[in-house]
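So the chains spell out like this:
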Amino acid sequence: MKRFISASAYLSALLAALFLMSCGEGGLELGDLANSGSSDVKGRFKDSTRGQTKGLALPTVTDPHKFSFVWMTDTHYRPDRQDYLDQVGNFITNTGGKFVLNSGDLTDRGDNENFFFFVRHSQEVLSVPFYSAIGNHDLYGAGWDTFRWQVGPSVTSFNYGNSFFMFIDSASCEIGEDQFDWIENQLQHSNMATNRFVLSHLCLYDSELETPALLCDPDERLHLASLLKKYQVDYLLCGHKHWIEEDQLDGFFQIMGGTPSPYKKPQNGKPVFWNFTVNGSNVDYQRIEFQE
Amino acid sequence: MKRGALIIIWVLGLALSIAANAQKGYTFKSAEYNFLMRNSAALKSDMAVQLTSDFAFHPKWLNISPGVELSITGGSLYRYFLEERVDFNDRNSVIVRLNHLEYQNWDAGQNFLNLYYQQTLKHFGWAAGVTWTATNLSDFHNPVKFDDKYDQLQLLYAVNYDIPFYKNKFDFKFGAENFTQFENYGYDNVGPYFEFGWKATNRTRVKVKGDFRLTGISTGTPHLARQTYLVGMEWKNVPKKVKKEKSY
């Protein structure tokens, strides 16, 4: 019995360490667990597909075959910490980018103060729309009820020019049956698009040694990967691990985008954002480090 | 078609192992039959049967186990494996197992090569090792394809504690694991399992198992994501009755 207790203690300590390390620098805080139960993926999906959220205002398409946009992930905005959103604003102004995308963890604490700060701050420094997938940190605090009215739906898709963009909700580390049906339906109807981008907070793959930072259920991972390949998605843009990694997987390209945050930096690099340029069926992207 | 082929392969394997039992140097050691139901977002009330046999070509170095799992609901999920076990003694083993999994509805498959050390003490058992996993979205039927663009290593663990009671006729086992003989789970897919066993005869053990998987640990959104219920029977090729030793 003593051996069992000691083995269990070691295992628990190992799992707890992995768990606390798994959200990158700064890590997940134990208090977050108590604040994360205000919504589940099914409820958020229903709210989003029934229009019970803020709507997305898309910018006017000037050239459907040639445009650029900025992508980031894990911005972790909060009013008491530094951020580089003004540099993104300057970059967009200089390059003529059409919008800014984020793959979740838009805010750090998910409370009203964080969301209201982001909305005010983005209006001050950005001249283009900002769209964000939902991340686990966005569920803490006031969570979903604030995200949906201040930022937008947890699942959505839109066409801009010749490209299709889809945001999926993996914030609770699950996709769920309803959302899988919706994802397949959306991808089926994206057949007119030349390029397809899917944004998810959680990734499907993280290099040679797997860590606890991927979409949780291996069956859901396999199912999502099969859909991305089947419907010829070009890019899966994801985050969560605060790690920069680019992987050509079977049928699609996955980019784990690090973070643009000066206080939750990528574990293997400097704070970054990504500039995507679409030119017909050619998609180029560039990783850009912030000036610290 | 595929299901039929898998059943034929398993039956032939079982027949071979029974036939081999009669020959010198070969022993049919055990067989296991399970019926299970999984319920998760991806596997909605998925029911399956699992068939496993175990035979020894050499008592220490060459113990081979084939196994197959067939879905009886969707009909699109297959799992099978081939295992080699080195038994250093009754308690300590090293196991290498090649597992194949495919979802025909999704045109997707995975192969696992598991290598782990297993120790079974009187009440306590544990295992630890590593798995090499490859996802196949193109050639998903291939059980030995390990594409180096979509492969990963993962650590494996299992712990359990076994409590026998009522003249050792019954036992209650509980533990946690991130893999079974048929499946590999992720790290963020943890949870307890409970198993109740009844030693019906000296050769036969009937078991009922419930496995409850929690996910969302790393995102701070823990929730019960999957339940697995299993009813099974283990059969060991040992003498029907143990002769009583003379007491002096």
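Residues numbered from 1 in each chain as written. Chains lettered and ligands numbered in written order. Predicted model: local features only at pLDDT ≥ 70, side-chain atom pairs only at ≥ 80, totals over all residues. Heavy atoms only, no water.

**Some points on the packing of helix α3 (residues 41-49) of chain A against helix α7 (residues 177-188) of chain A**
The description of two packed helices rests on the angle between their axes and on the distance between the axes. All names here are of chain A. So the rule is basically this: A fitted line through C-alpha atoms serves as each axis, taken over the contacting stretch for helices, and the angle formed by two N-to-C directions is quoted from 0 to 180°. Helical segments are the DSSP runs of H or I of at least four residues, strand segments are the runs of E of at least two, and each set is numbered from the N terminus. Throughout this description, any angle smaller than 35 degrees is read as roughly parallel, any larger than 145 degrees as roughly antiparallel, any in the 65 to 115 degree range as roughly perpendicular, and the remainder as oblique. Residues count as neighbours in contact if any of their non-hydrogen atoms are within 4.5 Å of one another. In this count, Pro and Cys sit with the nonpolar residues alongside Ala, Val, Leu, Ile, Met, Phe, Trp and Tyr, while Asp, Glu, Lys and Arg are called charged and the others, Gly among them, polar.
For the pair α3 and α7, the least separation of the axes is 9 Å and the interaxial angle reads 40 degrees. Relative to α7, the element α3 lies oblique. Counting all contacts with α3, which are made through Val-41, Lys-42, Phe-45 and Thr-49, the residues of α7 involved are Asp-178, Gln-179 and Trp-182. In the contact of α3 with α7, the residues fall into 3 nonpolar, 2 polar and 2 charged.

**Observations regarding the pattern of salt bridges**
We apply this condition: The working definition used for a salt bridge is a side-chain nitrogen of Lys or Arg within 4 Å of a carboxyl oxygen of Asp or Glu. Here the term buried applies to any residue with accessible area under 20% of the maximum for its type, exposed to any over 50%, and partly exposed to those in between, with areas from a 1.4 Å probe on protein chains only.
For the structure shown, the criterion picks out 31 salt bridges over all chains. Notably, a salt bridge pairs Arg-205 of chain B with Asp-171 of chain B, separated by 2.9 Å at the nearest N-O pair. Taken together, the residues span a long stretch of sequence, with Arg-205 of chain B in strand β12 (residues 204-215) and Asp-171 of chain B in strand β9 (residues 170-177) at a distance of 34 residues. Grouping residues by exposure puts Arg-205 of chain B and Asp-171 of chain B together as buried. Put simply, Arg-213 of chain B and Asp-211 of chain B hold a salt bridge, and the shortest N to O gap is 3.0 Å. The residues Arg-213 of chain B and Asp-211 of chain B share a single accessibility class, namely buried. Each of the salt bridges in this network shares a partner with another, and the network as a whole consists of Asp-219 of chain A together with Arg-38, Asp-46, Glu-69, Arg-79, Glu-183 and Arg-226 of chain B.

**Some thoughts on the sheet that holds strand β10 (residues 272-279) of chain A**
All names here are of chain A. Let me state the cut-off plainly: Two strands qualify as a pair provided that DSSP identifies no fewer than 2 bridges between them.
Judged by pairing direction, the sheet is mixed, and its 5 strands sit side by side in the order β3-β2-β1-β10-β11 without closing on themselves. Taken across any chain shown, the strands that pair with only one partner, and hence form the sheet edges, are β3 (130-132) and β11 (282-289). Within this sheet the neighbouring strands show an average axis-to-axis angle of 25 degrees, counted without direction. For strand β1 (residues 66-72) and β10, the ladder comprises 6 bridges, and the chain directions are antiparallel. Bridging from a neighbouring strand, Phe-67 pairs with Val-278 of β10. Contacting β1, β2 (100-102), β3, β10 and β11, helix α4 (residues 85-95) runs over the sheet at an angle of about 175 degrees to β1.

**Considering unusual backbone geometry**
Residue Gln-232 of chain A is not a glycine yet carries a positive backbone phi of 55 degrees. Within the element layout of this structure, Gln-232 of chain A appears in the loop between α8 (218-230) and β7 (235-238). Of note in this structure, Asn-168 of chain B is not a glycine but carries a positive phi near 60 degrees. With respect to the element layout, Asn-168 of chain B can be found in the loop between β8 (151-165) and β9.

**Section: the side chain of Gln-179 of chain A**
Residue and element names in this part refer to chain A. What counts is decided by this rule: A 3.5 Å cut-off defines polar contacts: any pair of N or O atoms within that distance qualifies, except that in protein one atom must be a possible hydrogen donor and the other a possible acceptor, and neighbouring residues in sequence count only when both atoms are side-chain atoms.
On the secondary structure map, Gln-179 appears in helix α7. When its relative accessible area of 1% is taken as the criterion, Gln-179 is described as buried. A distance of 3.0 Å separates a polar side-chain atom of Gln-179 from the backbone oxygen of Ile-175. When sequence neighbours within four positions are dropped, the list of residues in contact with Gln-179 reads Val-41, Phe-45, Val-155, Ile-168 and Asp-169.

**Regarding the state of the cysteines**
All names here are of chain A. The line we're drawing: Here, a disulfide means two cysteine sulfur atoms that sit within 2.5 Å of each other.
All chains considered together, the criterion is met by 2 disulfides over all chains. The residue that forms a disulfide with Cys-173 is Cys-216, at a sulfur-sulfur distance of 2.0 Å. Across the disulfide from Cys-173 to Cys-216, rotation about the S-S bond amounts to roughly 95 degrees, and the bridge is consequently right-handed. Here Cys-173, found in the loop between β5 (163-167) and α7, pairs with Cys-216, found in the loop between β6 (195-199) and α8; they are 43 residues apart in sequence, far enough to count as distant. Neither Cys-173 nor Cys-216 differs from the other in exposure class; each is buried. Two residues, Cys-203 and Cys-238, share a disulfide whose sulfurs are 2.0 Å apart. Taking the torsion about the S-S bond as the criterion, the Cys-203 to Cys-238 disulfide, at about 105 degrees, is right-handed. Of this pair, Cys-203 sits in the loop between β6 and α8 while Cys-238 sits in strand β7; the two residues are 35 residues apart in sequence, bridging distant segments of the chain. Since its relative accessible area comes to 0%, Cys-203 is described here as buried. By relative accessible area, Cys-238 is classed as buried at 0%.

Taken by themselves, the reported measurements are silent on function.
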